[in-house]
Amino acid sequence: MAVCVSRLELSVSCRSLLDRDLRSRSDPLCVLLQDAGGGRWVELDRTERIKNCQDPEFCKKLVVDYYFEKVQKLKFGVYDIDNKTFDLNDDDYLGGIECTLGQVVSSSVFTRPLELQPGKPAGKGSITISAEEIKDTRVVYLEIEAKNLDKKDFLGKSDPFLEIYKQSDAGTWQLVHRSEVIKNNLNPCWRKFGVPLQTFCGGDFNKPIKVQCVDHDSDGSHDLIGAAQTTLAQVVTARPASPECIHPEKKQKKKSYKNSGIIRIKSCKIETEYSFLDYVMGGCQINFTVGVDFTASNGDPKSPDSLHYISPDGINEYLIAIWSVGSVVQDYDTDKLFPAFGFGAQVPPSWQVSHEFALNFNPSDPYCQGIQGIVDAYRQILPQIRLYGPTNFSPIINHVARFAAHSMQQGTAAHYYVLLIITDGEITDLDQTRQAIVNASRLPMSIIIVGVGEADFGAMEFLDGDNGVLKSVAGESAVRDIVQFVPFRQFRTAPREALSQVVLAEVPKQVVSYYKWQGWAPLKPPETKAV
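Residues numbered from 1 in each chain as written. Predicted model: local features only at pLDDT ≥ 70, side-chain atom pairs only at ≥ 80, totals over all residues. Heavy atoms only, no water.

An unreviewed UniProt entry annotates the protein chain as Copine-3 originating from Formicarius rufipectus. Quoted verbatim from the Subunit (unreviewed entry) field of UniProt, the annotation for the protein chain is "Monomer. Interacts with ERBB2 (preferentially with the tyrosine phosphorylated form); this interaction occurs at the cell membrane and is increased in a growth factor heregulin-dependent manner. Interacts with SHC1; this interaction may mediate the binding of CPNE3 with ERBB2. Interacts with RACK1." Comment text from UniProt for the protein chain, heading Sequence similarities (unreviewed entry), reads "Belongs to the copine family." (UniProt positions renumbered as here; feature names shortened; annotations may be inferred.)

Caption draft 1: The pairing of strand 25 (residues 483–487), seen in detail. Burial within strand 25 is extensive, with 5 of its 5 residues counted as buried. Alternating positions in strand 25 separate into two faces, V483, F485 and P487 on one and Q484 and V486 on the other, with burial throughout. Of the strand pairs in this sheet, strand 24 (residues 445–451) and strand 25 are connected by 5 bridges, and their pairing is parallel. Of the residues in strand 25, the one forming a bridge with G451 is P487. (Buried < 20%, exposed > 50% of the residue type's maximum accessible area, 1.4 Å probe, protein only. Helix = DSSP H or I, 4+ residues; strand = E, 2+ residues; numbered from the N terminus. Pairing = 2+ DSSP bridges.)

Caption draft 2: Inspection of the pattern of salt bridges at higher detail. In the structure shown here, the tally under the stated rule is 16 salt bridges. In this structure, the salt-bridge partner of E163 is R178, at a minimum N-O distance of 3.0 Å. Of the two residues, E163 sits in strand 10 (residues 160–167) while R178 sits in strand 11 (residues 173–178), which places them 15 residues apart along the sequence. Looking at R178, the relative accessible area reads 26%, which means it is partly exposed. Ionic contacts of the salt-bridge type, sharing partners, join the residues E317, E454, R489 and R492 into one network. (Salt bridge = Lys/Arg side-chain N within 4 Å of Asp/Glu carboxyl O.)

Caption draft 3: Region of the structure containing the sheet that holds strand 19 (residues 352–354). The antiparallel open sheet is built from 3 strands, whose spatial order is 19-18-22. Both edges of this open sheet fall to strand 19 and strand 22 (386–387), since each of them pairs with a single strand only. Bridge count between strand 18 (residues 345–347) and strand 22: 2 bridges; the pairing is antiparallel. Note that in strand 22 the partner of Q346 across the bridge is R386.

Caption draft 4: Up close: the packing of aromatic side chains. Scanning the model with the defined rule gives 15 aromatic pairs in all. Ring geometry for F288 versus F338: centroids 5.7 Å apart, planes at 75°, classification edge-to-face. Here F288 is found in strand 16 (residues 285–293), whereas its partner F338 is found in strand 17 (residues 337–343), with 50 residues between them in sequence. Of the two residues, F288 and F338, neither departs from the other in class, the shared state being buried. Ring plane angle 70° and centroid distance 6.2 Å describe the contact between Y416 and Y515, whose orientation is recorded as edge-to-face. Here the residue Y416 occupies a position in strand 23 (residues 415–423), and Y515 occupies one in helix 12 (residues 507–518), the gap between them amounting to 99 residues. Here Y416 and Y515 have matching classes, each one buried. Three or more aromatic residues joined by ring pairs form one cluster here, namely Y274, Y279, Y416, Y514, Y515, W517 and W520. Its end group placed over the ring of Y165, K210 keeps NZ or CZ at 5.4 Å from the ring centre. (Phe/Tyr/Trp six-rings, centres within 6.5 Å; stacked < 30°, edge-to-face > 60°. Lys NZ or Arg CZ within 6 Å of the ring centre and 35° of its normal.)

Caption draft 5: Summary view of the sheet that holds strand 15 (residues 262–272). With antiparallel pairing, 3 strands are arranged side by side in an open sheet as 12-9-15. Edge positions in the sheet fall to strand 12 (193–196) and strand 15, since each has one partner strand and no second. The average angle at which neighbouring strand axes cross in this sheet is 30°, direction not considered. Strand direction decides the pairing type here: strand 9 (residues 138–147) and strand 12, joined by 4 bridges, are antiparallel. Following the sheet pairing, Y141 is matched in strand 12 by G194. (Axes fitted to C-alpha atoms, helices over the stretch in contact; angles between N-to-C directions.)

Caption draft 6: Here's a closer look at the domain arrangement of the protein chain. For the protein chain, the domain assignment lists domain 1 (6–133), domain 2 (138–272) and domain 3 (277–518). Once you take the C-alpha centre of each, domain 1 and domain 3 turn out to be 33 Å apart. The interface is formed by 8 residues belonging to domain 1 together with 10 residues belonging to domain 3. Taken together, the two surfaces of domain 1 and domain 3 that pack against each other cover about 700 Å², and 54% of this comes from carbon and sulfur. For the domain 1 face of the interface with domain 3, the top three residues by lost area are A36, R40 and F86, together amounting to 59%. Taken together, the connections running from domain 1 to domain 3 amount to 0 salt bridges. (Domains from an automatic or database assignment. Contact = heavy atoms within 4.5 Å. Buried area = accessible area lost by both parts, 1.4 Å probe.)

Caption draft 7: Seen up close, a nonpolar patch on the surface. On the surface, L337, Y367 and F403 cluster together to form a nonpolar patch covering roughly 250 Å² of accessible area. Mapped onto the elements, F403 comes out in helix 8 (residues 394–409). By relative accessible area, F403 is classed as partly exposed at 40%. (Patch = residues over 30% accessible without salt bridge, like charges linked within 9 Å, V, L, I, M, F, W, Y side chains within 5 Å. Areas by Shrake-Rupley, 256 points an atom, 1.4 Å probe, with all protein chains shown as cover.)

The structure is reproduced here in structure tokens:
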């Protein structure tokens, strides 16, 4: 296993982007991809979308782990977003660049011209990237309101939003947060927000901070209402509690000018944000369970056309998926005992259809010793069962959920459960599975679905909540996105580690989001710096 040297935060801005919209300017977003080998690129992160802007300065930072011993090939892509789908294939491409993370970190500021394809410039567009190491895991949470702001709109009041900047070592101002817009209001109160302390002020409580109050215009020509300068040290000690919002040109022109309103910090809290490694190194066990689809749609295991057919070199897509994912996850479980189940087959001696039978035929002790134990159990059971149906996911999801619910009742970050389901995609109990996932979203649990074969995986993609929040039939929403679906066919020619990188990409975020939602610190929290 490579050792992560450090975590980096990438700030991205663009200039002179192509204009793809007919009646307005482009609405850009930047996505960060990393080379996963075999010609595949994996998304790591993406910025927010900025409306009507050809010179965007993105507020959301792109976070990437930096490994000194790896050549990390990156691709930055800028898209014009004109819909609400997560998929970028239906959006206009405004250009991109390929580089290595080493090139970015070795440059204080990394600027390159954007290209639509190699050798074809994207007009005069350019992208600028700067990297900063995240050394501090604290987060500053702020609640800000304003009073008596200047009226900027001819037919209304003002539509104010906030922009907060930190001063760099070079003296320039760098955007760290942009708030939502509050329509037609001279006394706005913005939603509480959190910014990593490293992003907010580089961990320096005395670094100058500028708070700008701006009137939003739909065409992108926003008007400055006023600005105030402070430091985090002053904010924490409430000195002054309500800094004045000053418009520099008005102050220069009018002797009687006082201010353009008052900015008030309603609350300021600094909290530690724990990482996935904090939880794992603090003692959290990742419990791995496998569910294998033995329905008849897979084909007769004796036939070379079957998805369960074991080739002369001893593999099939089911085994490759088990090895790829299991070999990574097993490092985070100390006893290396993994429960493994099958579903959708007739099993001896009664030959009744079962939707959660132990691969080792021992229902009271379904644990296999290591990933090799799962592989051995799979190979031994194949000739002893009859592939049948239907394809029901909910029983095995509910089975793992019972263990996760028991762990949740302990009230500590001790156990997290990862269920790997390998299937040919013909799901039967979609409604019950939706309910099971919605219920499991409240538990310390993630579900990975690997689709094998050439079936239509529309139902699997529906369960993966990337295109919106998954809801049960009754309309209850999942509180977290816990499902990651990947079709195996995309990885047939890729290195084996590429599948595990994509499949497991979301698990660390899901672990952290769950424990953060519960407010649980690691069993052994890391030493924290005094504020």
